[in-house]
Amino acid sequence: MDTKIGAVDSAKPQCNDVGSLPTNGAVTIQHSSVPICAGDSTLGRHLARRLVQIGVTDVFSVPGDFNLTLLDHLIAEPGLNLIGCCNELNAGYAADGYARSRGVGACVVTFTVGGLSVLNAIAGAYSENLPVICIVGGPNSNDYGTNRILHHTIGLPDFSQEHRCFQTVTCYQAVVNNLEDAHEAIDTAISTALKESKPVYISISCNLPAIPHPTFSREPVPFSLSPKLSNKMGLAAAVEAAAEFLNKAVKPVMVGGPKLRVAKASDAFVELADSSGYAVAVMPSAKGQVPEYHPHFIGTYWGAVSTAFCAEIVESADAYLFAGPIFNDYSSVGYSLLLKKEKAIIVQPERVTIGNGPAFGCVLMKDFLRELAKKLKHNKTAYENYHRIYVPEGHPLKCEPKEALRVNVLFQHIQKMLSGDTAVIAETGDSWFNCQKLKLPQGCGYEFQMQYGSIGWSVGATLGYAQAVPEKRVIACIGDGSFQVTAQDVSTMLRCGQRTIIFLINNGGYTIEVEIHDGPYNVIKNWNYTALMDAIHNGEGKCWTAKVRCEEELIEAIETATGAKNDCLCFIEVIVHKDDTSKELLEWGSRVSAANSRPPNPQ
């Protein structure tokens, strides 16, 4: 665990000291031992200080009568910025996007009507191993244990419905309905989120946040996060077996997976790539976790829709090391990967499996990769084979003057916009495939939600990510169908003064669904998206919109967005043909469709 505990004397001796911001996804925790100022020794202020101490400086919220007093106390914390969102789902998505950059995020909603609304976003964060602290303003503590029926419930004298729903999508749940246990419950929940890298649920009775209590009168004893350690004998045995397995291979390769993030092993993966000389690929959901400017990088391994020449090298290898993979129906392109288990070393965050066996538990991924780097013979055969067969990709056909804009031309221009000062957010849909082909320069961020694949995720996630790293300009690629799900919180981006560039790709429907299984339900009502943004803007904040239909208009819009309107939220609606999709989506959609439509197996 890369969590760093600040020394007691390292914090500023102030009444409300602010925790230092985390770097590289690690969470920095600072503490002081000074007394709390009078009037601040409340549950609400304790929670606020804890959030600041772990690096959360922005909390995404939606007010409701059960959380209003708590929100007052969060606002009172100097180091905390409360950001009001248009709905709970987007607040959860924003905390998800925030956690991807800062290492941890937080949202605050009200009881049941808010909690069940944010639940989908929390499930997505769970699937992506993101520590999101979901705080709910709960019923008055006096109502627990009674037979009363409350509003915002389903009409039963049972307040546990929301809690039970969260049990399946969080790693810890704390129901705080008395002050005596509040300190321990809150600290346990937050520390569990950081240790497990998963969301947690904290419900706080609405009448408790403002009441002083002795347990909050002094800065609490720092909670320490015990670092996870590898079993040394198991680590040595795993490294020895893996080195023997790989060193006898003729053309081994390495493939990075999405769990590199939760294992905090991206640097160790690169160290292994440097020392081994192996060809390096990433799974689609790991894009952004491995530097694409690495000299042995060969692209995205995604079965039949891989980067050109990448799948051929990976699937023809006689040994492949997968670090942190997730093999689901989407990442396996409908279970069509041409991989063999006996050729694979699968490295998960705390477990290593070699071929058909043996498996080694209690072995941390980053320890394993670093030790393995010392044992491998340098072997660049696979990369040399790739270099031998590689043919540079072609360029899209040149557009005729005023010709209808094509998606491949759009992304050719987006590619030119990328730098170390930008980050890309790719919405579920054809943007997955088009953004996957972007080449990320050093320092360029990249995020998308592949495991959960919830359409509309990107609007809230863009809000949260941009708030976490204001020094980067976020470029969000969003389809019209997805945008209609969560469009409202562009409003919050404007309130926060964000400079995001949103490319709204308007092709009239749910294109990714069309390529899996078409029907009239995939066609949506067209909106005048730029007019909608102008209405949301309403003269408050800095917003600029453009509607483009051809390459000439696109070039002009990008020049304006990156030049004269560099300090504005820029919304560029791109009109494209409804059947203009990436070739990868066509292939992927047909294979996923085949997997979805398999007939029942009578056995």
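For the structure, check the block above.
Residues numbered from 1 in each chain as written. Predicted model: local features only at pLDDT ≥ 70, side-chain atom pairs only at ≥ 80, totals over all residues. Heavy atoms only, no water.

### A look at the overall build of the protein
What the protein contains, in helices and strands, is 21 helices and 21 strands. A compact globule built from 603 residues would reach a C-alpha radius of gyration of about 25 Å, and the protein, at 25 Å, matches this within 12%. Taken along the three principal axes of its C-alpha coordinates, the protein extends 70 × 65 × 55 Å. Counting only residues that meet the buried cut, the protein has 57% of its 603 residues in that class. Taking the intrachain contacts of the protein between residues at least 6 apart in sequence as the baseline, contacts between residues at least 24 apart amount to 75%. Split by element, the accessible area of the protein, about 24300 Å² in all, is 53% carbon and sulfur. A distance of 5 Å separates the average location of the 50 positive side-chain charges in the protein from that of its 61 negative side-chain charges. (Helix = DSSP H or I, 4+ residues; strand = E, 2+ residues; numbered from the N terminus. Rg over C-alpha atoms; globule rule 2.2 N^0.38 Å. Buried < 20%, exposed > 50% of the residue type's maximum accessible area, 1.4 Å probe, protein only. Contact = heavy atoms within 4.5 Å. Areas by Shrake-Rupley, 256 points an atom, 1.4 Å probe, with all protein chains shown as cover. Lys, Arg positive; Asp, Glu negative; His and termini not counted. Charge placed at Lys NZ, Arg CZ, Asp CG, Glu CD.)

### Some points on the environment of Glu312
Locating Glu312 in the fold gives a position in helix H10 (residues 310-316). With twelve residues separating them along the chain, Glu312 and Thr300 place their C-alpha atoms 11 Å apart. A distance of 3.3 Å separates a polar side-chain atom of Glu312 from the backbone nitrogen of Phe309. (Polar contact = N/O pair within 3.5 Å; in protein donor to acceptor, adjacent residues only side chain to side chain.)

### Overview of the packing of helix H1 (residues 43-53) against helix H6 (residues 179-196)
Here H1 crosses H6 at 15°, and the two axes come no closer than 11 Å. As summarised for this structure, H1 and H6 are arranged roughly parallel, according to the angle between their axes. For the pair H1 and H6, the crossing hand works out as right-handed. Contacts between H1 and H6 involve Leu43, His46, Leu47 and Arg50 from the former and Leu179, Ala182, His183, Ile186, Asp187 and Ile190 from the latter. Residue composition of the contact of H1 with H6, grouped by class: six nonpolar, two polar and two charged. (Axes fitted to C-alpha atoms, helices over the stretch in contact; angles between N-to-C directions. Parallel < 35°, antiparallel > 145°, perpendicular 65-115°, else oblique. Left-handed = near helix turned anticlockwise from the far one by under 90°. Nonpolar A, V, L, I, M, F, W, Y, C, P; charged D, E, K, R; others polar.)

### Section: the sheet that holds strand E12 (residues 320-323)
Taken in spatial order, the seven strands line up as E11-E10-E9-E12-E13-E14-E15 in an open sheet, and their pairing is mixed. In this open sheet, the two edge strands, each paired with only one partner strand, are strand E11 (297-300) and strand E15 (359-361). The average undirected angle you get between the axes of adjacent strands in this sheet is 15°. Across four bridges, strand E9 (residues 253-256) lies against strand E10 (residues 279-282) in parallel orientation. Among the inter-strand pairings, Gly256 is bridged to a residue of E10, identified as Val282. Together, E9, E10 and E12 form the strand contacts of helix H9 (residues 266-276), whose direction differs from that of E9 by roughly 165°. The strands that helix H11 (residues 365-373) touches are E12, strand E13 (344-348) and strand E14 (351-354); relative to E12, the one it contacts most, it runs at about 145°. (Pairing = 2+ DSSP bridges.)

### Here we look at the environment of Glu180
Of note, Glu180 is situated in helix H6. Spatially, the C-alpha atom of Glu180 lies 63 Å from that of Leu405, the residues being 225 residues apart in sequence.

### A few points about the pattern of salt bridges
This structure, assessed with the given rule, holds 19 salt bridges. For Asp40, the salt bridge goes to Arg45, with nearest N and O atoms at 2.8 Å. Residues Asp40 and Arg45 agree in their burial class; the two are buried. Two residues, Arg100 and Glu128, come together in a salt bridge whose shortest N-O distance is 3.3 Å. You can see Arg100 sitting in helix H3 (residues 88-102) and its partner Glu128 sitting in the loop between helix H4 (115-127) and strand E6 (132-138), a full 28 residues away along the chain. For the residue pair Arg100 and Glu128, the accessibility class agrees, reading buried in each case. (Salt bridge = Lys/Arg side-chain N within 4 Å of Asp/Glu carboxyl O.)

### Observations regarding the packing of aromatic side chains
As enumerated under the stated definition, the model contains 18 aromatic pairs in all. Aromatic pair Phe166 and Tyr201: ring centres 4.6 Å apart, planes at 25°, arrangement stacked. Of this pair, Phe166 sits in helix H5 (residues 161-166) while Tyr201 is found in strand E8 (residues 200-205), placing the two residues 35 residues apart along the sequence. What makes Phe166 buried here is its relative accessible area of 0%. Measuring from centroid to centroid gives 5.6 Å for Trp527 and Tyr529, while their planes differ by 35°, and the two rings are tilted. Judged by its relative accessible area of 0%, Tyr529 is buried. (Phe/Tyr/Trp six-rings, centres within 6.5 Å; stacked < 30°, edge-to-face > 60°.)

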